[in-house]
Amino acid sequence: MRPRTSGPTALLLGLALLLTGCEEDVVAVLGTEHPFSLWGVLSPIADTQFVRVFPIEGTLNRGRPEPLDARFTSRDLDTGEEHVWRDSVLVNEQGVVGHVFYAPFRAVHTHTYRLEITAADGRSSTVEVTVPPRTALTLAEPDTLQGVLLPVYVLNDPPRLVRSELTVGAGYVTGFTDGGCPLYEIPVFVLPFDDRARRTDDGWWFLVNLGEVYRFVEERVLEDPDFVRPLGITLASLRFDTIVANEAWNPPGGVFDLDVLAQPGTMSNVENGFGFVGAGYRLRRTWALPVRVIERSGFRADYQPCV
């Protein structure tokens, strides 16, 4: 995504943004003695860890394109293993300088890490982060007694799940070539599922009603005036995604409300600093459903090939 400048919200939403691969520039935080703002996520499925660091200065400026005069370390509080992180200097298209510190190691499930960055004058900002346990995303057998219900389980009782969503690829015909072959559109629809999570003794549970999914997709496909309705809508793909997050990833009210998170110190877990560093990783599974199950929901399984 294209880098852009923003306000304090970017500090507090850093964890969510980092998982999607976006970058945000943050303006200076004035009127404080804290030396740094930092945000990021420790991941047990990545072989290198990254944390974005912003030096807190008394005036707004674009920064200098050179490494910070600071020492960044991490310590595994369960094993004592330490790493010294390096600064990679980034300059966006507006000339604003950013600092992403990194270290080549894989965070360990359930371990707690203490991250500390110390300025040349001795002031430091620290944060402790516990990595969530290893989990598994399981797709149970479809229940077709009442429509088509697809149970989803995230096992081993992770602390939190965030950004749970269903991604649907749907195909439909919009016309035909001179030779009679159909012309296809295959849009992708994303349905949020965070509000449908249910806690169980073993973990978390979701229930996908494929009939509801079909009606959601059909409503949007019908907005296309070229849709050849008698040929129906195919189910091209169906995927469930969620992010397993640590307990600290807990915005006020359970919602990432920009107006709330923009307030200084909201959801910050950095001592003597600002920002948020969490831990998490993504789970993703794709369904391979039988034709009879797909067509029971209203979708078509596939079109006949053009001969």
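Residues numbered from 1 in each chain as written. Predicted model: local features only at pLDDT ≥ 70, side-chain atom pairs only at ≥ 80, totals over all residues. Heavy atoms only, no water.

Caption draft 1: Geometry of unusual backbone geometry. Here threonine 110, not a glycine, exhibits a phi torsion of approximately 70°, which is positive. Structurally, threonine 110 can be placed in the loop between strand 7 (97–103) and strand 8 (112–119). Given a relative accessible area of 47%, threonine 110 falls into the partly exposed group. With a phi angle near 55°, arginine 163 is a residue other than glycine that sits in the positive phi range. Relative to the assigned elements, arginine 163 resides in strand 12 (residues 160–176). (Helix = DSSP H or I, 4+ residues; strand = E, 2+ residues; numbered from the N terminus. Buried < 20%, exposed > 50% of the residue type's maximum accessible area, 1.4 Å probe, protein only.)

Caption draft 2: Quick look at the pairing of strand 9 (residues 124–130). Alignment of strand 8 against strand 9, held across 7 bridges, turns out to be antiparallel. From the neighbouring strand, arginine 114 faces strand 9, where its bridge partner is glutamate 128. From the end of strand 8 to the start of strand 9, which pair antiparallel, there are 4 residues, and glycine 122 there has a positive phi angle of about 95°. (Pairing = 2+ DSSP bridges.)

Caption draft 3: Here's a closer look at the sheet that holds strand 15 (residues 198–199). Taken in spatial order, the 4 strands of this open sheet run 10-11-16-15, and their pairing is antiparallel. Of all strands in the sheet, those with a lone pairing partner are strand 10 (136–139) and strand 15, marking the two edges. Alignment of strand 15 against strand 16 (residues 203–209), held across 2 bridges, turns out to be antiparallel. By the bridge assignment for strand 16, arginine 199 is matched with tryptophan 204. Contacts between helix 3 (residues 210–221) and the sheet are confined to strand 11 (149–155) and strand 16, with strand 16 contributing the most and set at about 55° to the helix. (Contact = heavy atoms within 4.5 Å. Axes fitted to C-alpha atoms, helices over the stretch in contact; angles between N-to-C directions.)

Caption draft 4: Broad picture of the nonpolar core. With 35 residues, the main nonpolar core has Leu166, Trp287 and Phe299 as its most contacted residues. Residues within four places of tryptophan 287 in sequence aside, it is in contact with Leu139, Leu150, Val152, Leu166, Val208, Leu238, Arg239 and Phe240. Counting residues in hydrophobic clusters, the runner-up holds 22 residues, among them Val53, Ala107, Val277 and Ala279. (Core = buried A, V, L, I, M, F, W, Y, C linked by side-chain atoms within 4.5 Å.)

Caption draft 5: Molecular detail of the environment of proline 192. In this structure, proline 192 sits in strand 14 (residues 188–192). A C-alpha to C-alpha distance of 7.3 Å links proline 192 and arginine 163, two positions 29 residues apart in sequence.

Caption draft 6: Main features of the packing of aromatic side chains. Evaluated as defined, the whole model comprises 9 aromatic pairs. A ring pair is formed by phenylalanine 72 and phenylalanine 101, whose centres lie 5.2 Å apart and whose planes are at 25°; its orientation type is stacked. Separated by 29 residues along the polypeptide, phenylalanine 72 in strand 5 (residues 70–76) and phenylalanine 101 in strand 7 bring together distant segments of the chain. Given a relative accessible area of 1%, phenylalanine 72 falls into the buried group. Ring geometry for tyrosine 172 against phenylalanine 227: centres 5.4 Å apart, planes inclined by 85°, an arrangement best described as edge-to-face. Of this pair, tyrosine 172 sits in strand 12 while phenylalanine 227 sits in the loop between helix 3 and strand 17 (233–245); the two residues are 55 residues apart in sequence, bridging distant segments of the chain. Taken as a pair, tyrosine 172 and phenylalanine 227 share a single burial class, namely buried. Across the ring face of phenylalanine 193, the terminal group of arginine 196 is positioned such that the distance to the ring centre comes to 4.6 Å. When the ring centre of phenylalanine 216 is taken as reference, the NZ or CZ atom of arginine 220 above it lies at 3.6 Å. (Phe/Tyr/Trp six-rings, centres within 6.5 Å; stacked < 30°, edge-to-face > 60°. Lys NZ or Arg CZ within 6 Å of the ring centre and 35° of its normal.)

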